[in-house]
Amino acid sequence: MISAEDLKTIPFLASVASEDLARLAQAAGDLRLASGEYAVHEGDERALFVVLSGRIEVTKLIDGIERIIGARAPGQIFGEVPITFGTPFQGSYRATEPSRVMQVSARQFHALAAGAPAVLTHVAALASERIGGLRGIATAPTRARAVMVGHRWDDTVRELRTFLSRNQITYDWITPEAPDLASRWPGPPLADADLPALICDDGTILLRAGLRDVADKLGLQTRPRSSDYDTVVIGGGPAGLAAAVYGASEGLRTLVIEREAPGGQAETSSRIENYLGFPTGVSGEELARRALQQASRLGAEIMVTRNAVGLDAVGKVVKLDGGEPVRARSIILATGVSWRRVATEGFDRLLGKGVYYGASRSEASAMQGQDIHLIGAGNSAGQAAMFFANHARTVSLVVRGDSLEKSMSHYLIEQIRSKSNIRVELHSEVRAVHGDKVLAAVDVANRATGEVRRLDSGGVFVFIGADAETDWLPEAIVRDARGYVCTGEAVTRSGRWSLDRDPYLLETSVPGIFACGDVRSSPVKRVAAAVGEGSMAIAFVHQFLVQSAHAPAG
Ligand SMILES: Cc1cc2nc3c(=O)[nH]c(=O)nc-3n(C[C@H](O)[C@H](O)[C@H](O)COP(=O)(O)OP(=O)(O)OC[C@H]3O[C@@H](n4cnc5c(N)ncnc54)[C@H](O)[C@@H]3O)c2cc1C
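First, a word on what this report is: a plain description of the structure on this page.

Quick word on the site of the ligand
Surveying the vicinity of the ligand reveals 33 residues, the closest of which are Ala-239, Glu-258, Gln-265, Gln-383 and Asp-518. A distance of 3.0 Å separates a nitrogen atom of the ligand from a polar atom in the backbone of Ala-308. For the ligand, whose accessible area on its own is 1000 Å², the fraction buried by protein is 94%. Every element with two or more residues in the shell around the ligand is listed here: α9 (238-249), α12 (379-388) and α15 (527-550). Across the shell around the ligand, the residue classes break down as 13 nonpolar, 14 polar and six charged.

Digging into unusual backbone geometry
Cis geometry marks the peptide bond from Leu-195 to Pro-196; its omega dihedral reads -5 degrees. Within the fold, Pro-196 resides in the loop between α7 (181-184) and β11 (197-200). Notably, Arg-208 is not glycine yet its phi reads approximately 45 degrees, a positive angle. Mapped onto the elements of the fold, Arg-208 is located in the loop between β12 (205-206) and α8 (211-217). Backbone geometry at Lys-316 places phi at a positive 55 degrees, although glycine is not the residue there. Its location among the elements puts Lys-316 in the loop between β16 (308-312) and β17 (317-320).

With respect to helix α6 (residues 155-166)
Over its 12 residues, α6 runs 16 Å from end to end, which matches the ideal 16 Å to within 8%, given 1.5 Å per residue. Those residues of α6 that fall on the buried side of the exposure criterion are Val-157, Arg-158, Leu-160, Arg-161, Thr-162, Phe-163, Leu-164 and Arg-166. Tucked into the core, α6 has its buried residues touching β9 (146-149), β10 (171-174), α8 and β20 (355-357). A side-chain oxygen of the first residue of α6 lies 2.8 Å from the backbone nitrogen of Thr-156; this N-cap is Asp-154. The first or second residue beyond α6 is Gln-168, which carries a positive phi of 60 degrees.

Notes on α12
Burial within α12 is extensive, with eight of its 10 residues counted as buried. Where α12 is concerned, the buried positions are Ala-381, Gly-382, Gln-383, Ala-384, Ala-385, Met-386, Phe-387 and Phe-388. The secondary structure elements touched by the buried residues of α12 are β21 (371-375), β22 (394-398), α13 (410-417), β23 (422-425) and β27 (459-462).

Here we look at the sheet that holds strand β8 (residues 99-104)
Spatially, β1-β8-β3-β6 is the arrangement adopted by the four strands of the open sheet, whose pairing is antiparallel. At either end of the open sheet lies a strand with only one pairing partner, and these are β1 (29-33) and β6 (77-78). Across five bridges, β1 lies against β8 in antiparallel orientation. Bridge pairing in β8 places Asp-30 opposite Met-102.

Brief notes about the pattern of salt bridges
Here the structure, examined in full by the defined rule, presents 35 salt bridges. For the salt bridge of Asp-216 with Arg-223, the shortest nitrogen-to-oxygen distance reads 3.5 Å. Assessed through its relative accessible area of 29%, Asp-216 is described here as partly exposed. Here Arg-393 and Asp-371 are joined by a salt bridge, their closest N and O atoms 2.7 Å apart. Here Arg-393, found in the loop between α12 and β22, pairs with Asp-371, found in strand β21; they are 22 residues apart in sequence, far enough to count as distant. Among the ionic contacts, a cluster of salt bridges with common partners joins Asp-6, Asp-30, Arg-32 and Arg-100.

Conventions we followed
One numbering rule holds for all chains: residues counted from 1, following each sequence as written. Residues qualify for local features only when their pLDDT is at least 70, as the model is predicted, and side-chain atom pairs are given and counted only at 80 or more; totals for whole chains, interfaces and linings, by contrast, use all residues. Hydrogens and water molecules were not included; the side-chain quantities draw on all heavy atoms of the structure. Only a single heavy atom is needed: when it lies within 4 Å of a molecule or strand, its residue is near that molecule or strand. Polar contacts here mean pairs of N or O atoms no more than 3.5 Å apart (in protein, one a potential hydrogen donor and the other a potential acceptor; neighbouring residues in sequence count only if both atoms are side-chain atoms). Exposure was quantified through the Shrake-Rupley algorithm and a 1.4 Å probe, taking into account, for residues, occlusion by the shown protein chains and nothing else. The helix count covers DSSP runs of H or I at least four residues long, the strand count covers runs of E at least two residues long, and both are numbered beginning at the N terminus. Each residue gets one of three labels, nonpolar for Ala, Val, Leu, Ile, Met, Phe, Trp, Tyr, Cys and Pro, charged for Asp, Glu, Lys and Arg, and polar for the others, Gly among them. One less than the number of residues in a helix, times 1.5 Å, gives the span that helix is expected to have. Each residue is placed in one exposure class: buried if its accessible area under a 1.4 Å probe, protein chains only, is under 20% of its type's maximum, exposed if it is over 50%, and partly exposed if it falls in between. Contacts: residue pairs with any heavy atoms within 4.5 Å of one another. When DSSP locates at least two bridges between a pair of strands, those strands are taken to pair. We define a salt bridge as a contact between a side-chain nitrogen of Lys or Arg and a carboxyl oxygen of Asp or Glu at a distance within 4 Å.

See the structure below:
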């Protein structure tokens, strides 16, 4: 416990009477931190901290990267800004060596200051000084971590842009014909065959840059750090990230394998209105950003740009593209779904050149001032329409049916009605897309009258549903007729369960391999369900590991 003696040497407490010091010492929190442990995180509620021994560094997430912005030595305090202005913490405080820190709650602080007003003056003065520094950080121009040169309609450029923004990496993108190319590209002159070219913030130049190289150079994890894990989660959407948060926080050595960037489908959603705890909605991007931070902070490894391409169900080995195996004691399938393809004329040829499946927020700038077409009548199409309406000149929602009401939430229909540049074309379908190198026009047919109109188009986005891509899984993992992975009771019903005990609710037909989120055979496809199932999967992993530890050696 902290003693009044410990506090006598702290400068800001010099004016406090001995009995008040004794009371504070008795009531305050006594945090003993190991190296790397946090006293408080960015966004946490206000409190005041006093460093009694050791050393604390101050970190702040700037541009998705945790940067060190200060340090505190014994005798110094932190939390003066939150306690004075009633705001959450603007940085995180982490021990760099074994440290001891006193934690004073807001109530204790104000009781103390009532008896010794000099304490309040001292802390408030420090807070004002500190605000100046924080303002400097907040207003410093953000430097792009990468500068990319590439053609507007190059599919790799599009993939890279989506990848960089989904991984929260700020970048500058210049097309080779841009008049200011010479002043914005800091590298040597480029030939067309070098594109896309990318220069990273450490000066490395990548020519004909691919996702994996870019991820490597920008410090993202692309290889497993170990060869075996307690649990390997395949897929980094809401279900996979929830499993990672719970797995890592409960002490399991956890690896997430994600073929693109964390966030999954939810990342492409401009506003999720129905996720608990966000009364005004939250963008999928923001949710993904927070989940990724949380999973990484708790110690999960998140590996990006790696595809799981095979799985040995008996040995529990996941095969990655590129060949290396990752061994696990349990596996969680959280691979979600992928957009369903259409067989319309011209689509395959113009894919990535104005025609897209789904929509990512990074597309918005390319759609500025254009007339665009969205195919679909579900919530995904509705959300995308709302998002693009702020960028495109007009957004046409091409709907085969006679109303939106059957497939879209009421609140979205209302929002769409309030936007004057969104048109809903009922009884309609896109029959063909046209363009030489890039999309230029679409043929929209009225299914009721048979009339076909050719309309200028700057972008066609398809949202006609999604399917589970599970062909790469071994036969031993039972799936339903549409490819979704069966779990629990459905496995029992399939007659393919081999153990005496029943399969756990989220367990597949292979003991110790679980499935959660959209990839699981279940009618519910929602962020909240995916998150719930991801966290539940970890509870079943624990039960499976305990049970297999006690199983007789066979
Ligand atoms: C535009 C849009 C708007 C939406 N709006 C809402 C909403 O408002 N409210 C709501 O509740 N739900 C909404 N949804 C649905 C919600 O996003 C999904 O239910 C949820 O994302 C499912 O999460 P998941 O983790 O199961 O799968 P996903 O989000 O699909 O994530 C799966 C991840 O696995 C990765 N992956 C797949 N295969 C492999 C492999 N072999 N190797 C490695 N990685 C792999 C993928 O790249 C992906 O990142 C929306 C969906 C879309 C597309």
